[in-house]
Amino acid sequence: MEKFNKEKYNRAKKQVDELKGFYIHATIYVVINTFILVNIFLNTDNFWQWPHFITLFAWGIGLAFHASKVFGFNPFLGKDWEERQIKKFMDEDKKEMDKFK
């Protein structure tokens, strides 16, 4: 029973560490991009240009992937996909075994 509780604790700690890492990543994203955009705004006449937002956009994509990993959201390879693949491979194995009966 103690081993079970230890494993449960380790899984929970890992999830908390991943969540903490995401929050740190999101905070740094906001602080750095705010600094960059304020600096651009104060030093240029034409703020609304695409090149000024490349860092915000590209880093935002990375942050979105980080969030999907931490919060378990994966529209492409989610639980349903895993279950379908497992069923597919099990069915293929069963067909192979039936050949030898």
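Scroll up to find the structure.
Anyway, here's the lowdown on the structure attached to this text.

Calculation criteria
Numbers given to residues run from 1 along each chain, matching the order in which its sequence is written. Where local features are concerned, this predicted model is filtered to residues with pLDDT of at least 70; where side-chain atom pairs are given and counted, the filter is 80 or more; whole-chain, interface and lining totals use all residues. Neither water nor hydrogens contribute to the side-chain values; these are computed over all heavy atoms in the structure. Strands are runs of DSSP state E lasting at least 2 residues, helices are runs of H or I lasting at least 4, and numbering of each runs from the N terminus. Relative accessible area decides the class of each residue, using a 1.4 Å probe on protein chains only: under 20% of the type maximum gives buried, over 50% gives exposed, and in between gives partly exposed. Polar contacts, as counted here, are pairs of nitrogen or oxygen atoms within 3.5 Å of one another; within protein the pair requires one atom able to donate a hydrogen and one able to accept it, and residues that are adjacent in sequence qualify only if both atoms are side-chain atoms. Whenever Lys or Arg places a side-chain nitrogen within 4 Å of a carboxyl oxygen from Asp or Glu, that contact is recorded as a salt bridge. Here the expected span of a helix is defined as 1.5 Å times the quantity of residues minus one. The contact criterion used is simple: two residues touch if any of their non-hydrogen atoms lie within 4.5 Å. The axes are straight lines fitted to the C-alpha atoms, using for helices just the contacting stretch, and the angles between their N-to-C directions are given from 0 to 180°. Put simply, angles under 35 degrees are roughly parallel, angles over 145 are roughly antiparallel, angles from 65 to 115 are roughly perpendicular, and the rest are oblique. By the definition used in this description, the sense in which the near helix is turned from the far one sets the handedness, with an anticlockwise turn below a right angle giving left-handed and a clockwise turn giving right-handed. Three classes are used: nonpolar for Ala, Val, Leu, Ile, Met, Phe, Trp, Tyr, Cys and Pro, charged for Asp, Glu, Lys and Arg, and polar for all others, with Gly counted as polar. Note on patches: the residues involved have over 30% relative accessible area and no salt bridge, like charges join within 9 Å, and the nonpolar side chains Val, Leu, Ile, Met, Phe, Trp and Tyr join within 5 Å. Each accessible area is a Shrake-Rupley estimate made with a 1.4 Å probe; only the visible protein chains count as cover when residues are assessed.

Our focus in this paragraph is the side chain of His52. Within the secondary structure, His52 sits in the loop between helix H1 (2-43) and helix H2 (54-71). Given the relative accessible area of 14%, His52 is considered buried. Among the polar contacts listed, one links the side chain of His52 to the backbone oxygen of Phe47, at a separation of 2.8 Å.

According to the stated counting rule, one finds four salt bridges in the structure shown. The salt bridge partner of Glu18 is Lys14, with a shortest N-O separation of 3.9 Å. Of this pair, Glu18 and Lys14 both sit in helix H1, four residues apart, which is roughly one turn of that helix. Salt-bridge contacts for Lys69 lead to Glu18; the nearest nitrogen and oxygen are separated by 3.7 Å. Of the two residues, Lys69 is situated in helix H2 and Glu18 in helix H1; the sequence distance between them amounts to 51 residues. Classification of Lys69 as exposed rests on a relative accessible area of 56%. Shared partners join several salt bridges into a network, and the residues in it are Lys14, Glu18 and Lys69.

Right, let's get into H1. For H1, which comprises 42 residues, the first-to-last C-alpha distance of 61 Å matches the rise-based estimate of 62 Å (1.5 Å per residue) to within 8%. Elements in contact with the buried residues of H1: H2.

Turning our attention to the packing of H1 against H2. The interhelical angle for the contact between H1 and H2, taken along N-to-C directions, is 170 degrees, at an axis separation of 10 Å. For the element pair H1 / H2, the angle class is roughly antiparallel. In this structure, the crossing between H1 and H2 has a hand that is left-handed. For the contact of H1 with H2, a count of residues per class yields 15 nonpolar, seven polar and two charged.

So, about a nonpolar patch on the surface. Together, Trp50, Ile54, Phe57, Ile61 and Phe65 make up an exposed nonpolar region whose accessible area comes to about 570 Å². Mapped onto the elements, Phe57 comes out in helix H2.

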